[in-house]
Structure formats: C-alpha cells, structure tokens
Amino acid sequence: PIILIAFFGVFLGYFYTAPPIRLVARKGLGELSIFFAFGPLMTVGAGLVLFNNNLFDSDYFYNLILLGIPIGLLTTNILLINEFPDMESDMKTGKNHLVTVLGKKNSRYLYLTIFSLVCLFTLLLSFKITMFFLIPLIFSLFYGFGICRHLFKFYNQRSLVKANWGTIKLQGIYCSLIILSLFLSHYL
C-alpha cells in the first residue's frame, strides 16, 4: 500500500505543472491535487509506516483520512491565496486555477468556505478522536477569521501579503497544535 500511496503522491506532484496533464491548468484539479497530496495521502502514508501496514485492519485508517482533511484544506488555502496576486499573469500563461476561473472577488468566498470546513472537520475530530483537538480549533477560529477579514478587505491590493503570510502561519501552527493534541491525549 505504501508504494501505491507514494505513486499517487509523485503522480500528483509531477503532473501538477508537467504536460500533458498539467493539473494546475484544469479549473480546480490543481487545488484538488494539492489537497489530496498534502492531506489524506500524507496522513495515510505516515500511518502506514507508523502502524506497520496493519492500518487497514483498524479504525486508524479512517481517522487518518479524517485527520488529513483539515490539513489538506489548509494547504489548499495557502495555494489559493497565493493565486490572487498572480491572477492576470496566470491567465496569460494558461494556468486556469480557481482564482482565474472565479475571479478574485468570488474566490474570497471559496477561501472562507475552505476555512469553515477546516473548523468543521476539526470539531468532528475532537468528538471522534480526542477533545484536545479543541485547542487547534479555538486557535483557528480566532486567528483564521482575522485572516479572512483581511482577505475580504484587501483581496485586490498589495497589502494582501499579510493574509498570505497569515495563511502559512495558520497551517504551520495548526499542524503543531494537532501534534500537541495527539501527544496530550496519549499521555494524559
């Protein structure tokens, strides 16, 4: 199974920009490939290595998929918000990602929807795996909605860069808090 997961990861990574598939130019397939590669594929792959390939005999497999969803969504939002400043030049080069298809103004709502799904799945994880996942949820709610507010106000201005950096920080801190939550649930 790990070879299959590695194959899909390499496939998505390579054909994200490589012809003839060039996922980045396929109206949302680039964002979808980033979600899978940096979310569920990554967590399930790590689980296979950590649990000695016995993953499919247990509930761990489904928990790892669920755990990968908000992580993949946050990574997708990093990609999405970084597409805003490049929209015009990307359109000229045939990169038909979601911001070029929807436009900057509408893409703000996509960012907010993805972020809301992160919060919803984290809440689900807190009930299914450990209540300690409320820690990254609470952090995300406070920090993430500040980023959303900034994005909605400055989506077409140079000061959007603050929201770009904030999205990267949100993903990094969220993942660190997920690790801390798993550690706390195991040892407390």
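To be clear, the structure that these remarks concern was listed above.
Criteria and thresholds
Residues numbered from 1 in each chain as written. Predicted model: local features only at pLDDT ≥ 70, side-chain atom pairs only at ≥ 80, totals over all residues. Heavy atoms only, no water. Helix = DSSP H or I, 4+ residues; strand = E, 2+ residues; numbered from the N terminus. Rg over C-alpha atoms; globule rule 2.2 N^0.38 Å. Buried < 20%, exposed > 50% of the residue type's maximum accessible area, 1.4 Å probe, protein only. Contact = heavy atoms within 4.5 Å. Areas by Shrake-Rupley, 256 points an atom, 1.4 Å probe, with all protein chains shown as cover. Phe/Tyr/Trp six-rings, centres within 6.5 Å; stacked < 30°, edge-to-face > 60°. Lys NZ or Arg CZ within 6 Å of the ring centre and 35° of its normal. Patch = residues over 30% accessible without salt bridge, like charges linked within 9 Å, V, L, I, M, F, W, Y side chains within 5 Å. Salt bridge = Lys/Arg side-chain N within 4 Å of Asp/Glu carboxyl O.

Enquirer: Hey, could you run me through the overall build of the chain in this one?
Expert: A tally of regular secondary structure across the chain gives nine helices and zero strands. Listing the helices and strands of the chain from first to last along the sequence gives α-α-α-α-α-α-α-α-α. Taken over C-alpha atoms, the radius of gyration comes to 17 Å for the chain, in line with the 16 Å a tight globule of 188 residues would show. Seen along its three principal axes, the alpha-carbon backbone of the chain occupies a region of about 50 × 40 × 20 Å. Across the 188 residues of the chain, 45% fall into the buried class. Counting contacts in the chain only where the partners sit at least 6 residues apart, residues at least 24 apart contribute 68% of the total. Here the chain has roughly 10,200 Å² of accessible surface; of this, 70% comes from carbon and sulfur atoms.

Enquirer: What is the right way to read the packing of aromatic side chains from this model?
Expert: Describing an aromatic ring pair means giving the distance of the ring centres and the angle of the ring planes. One pass over the full model with this rule turns up ten aromatic pairs. With a centroid separation of 5.0 Å and an interplanar angle of 55 degrees, the aromatic rings of Phe11 and Phe15 are classed as tilted. For Phe11, a relative accessible area of 30% translates into the label partly exposed. Both rings, one in Tyr109 and one in Phe152, keep their centres 5.0 Å apart while their planes meet at 85 degrees; by these two values the pair is edge-to-face. Highlighted residues: Tyr109 in helix α7 (residues 104-128) and Phe152 in helix α8 (residues 134-154), separated in sequence by 43 residues. Taking relative accessible area as the criterion, Tyr109 reaches 44% and is therefore assigned partly exposed. Exposure remark for Phe152: the relative accessible area of 23% places this residue in the partly exposed category. Linked through ring pairs, Phe7, Phe8, Phe11, Tyr14 and Phe15 together constitute an aromatic cluster. We note Arg108 situated over the ring of Tyr155; from NZ or CZ to the ring centre the distance is 4.4 Å.

Enquirer: Can you help me understand a nonpolar patch on the surface in this one?
Expert: On the surface, Ile138, Leu141, Phe142 and Phe145 cluster together to form a nonpolar patch covering roughly 400 Å² of accessible area. Classification of Leu141 by relative accessible area gives partly exposed; the value is 34%.

Enquirer: What's the story with the side chain of Ser126 in this structure? I'm lost.
Expert: Note on placement: Ser126 falls in helix α7. Excluding residues that lie within four positions of it along the chain, Ser126 makes contacts with Met131, Phe133 and Leu134.

Enquirer: Would you mind going over the pattern of salt bridges with me for this structure?
Expert: When charged atoms on two side chains of opposite charge get close, those side chains can pair. For the structure shown, the criterion picks out two salt bridges. The salt bridge partner of Asp59 is Lys128, with a shortest N-O separation of 3.3 Å. You can see Asp59 sitting in the loop between α3 (40-50) and α4 (60-83) and its partner Lys128 sitting in helix α7, a full 69 residues away along the chain. Lys104 is the partner of Glu88 in a salt bridge, and the nearest nitrogen-oxygen pair spans 3.8 Å. In this pair, Glu88 sits in helix α5 (residues 87-92) while Lys104 sits in helix α7, placing the two residues 16 residues apart along the sequence. The class for Glu88 is partly exposed, based on a relative accessible area of 42%. Judged by relative accessible area, which is 11%, Lys104 ranks as buried.

Enquirer: Please explain the environment of Asp86 as it appears in this structure.
Expert: Structurally, the position occupied by Asp86 is in the loop between α4 and α5. By relative accessible area, Asp86 is classed as partly exposed at 37%.

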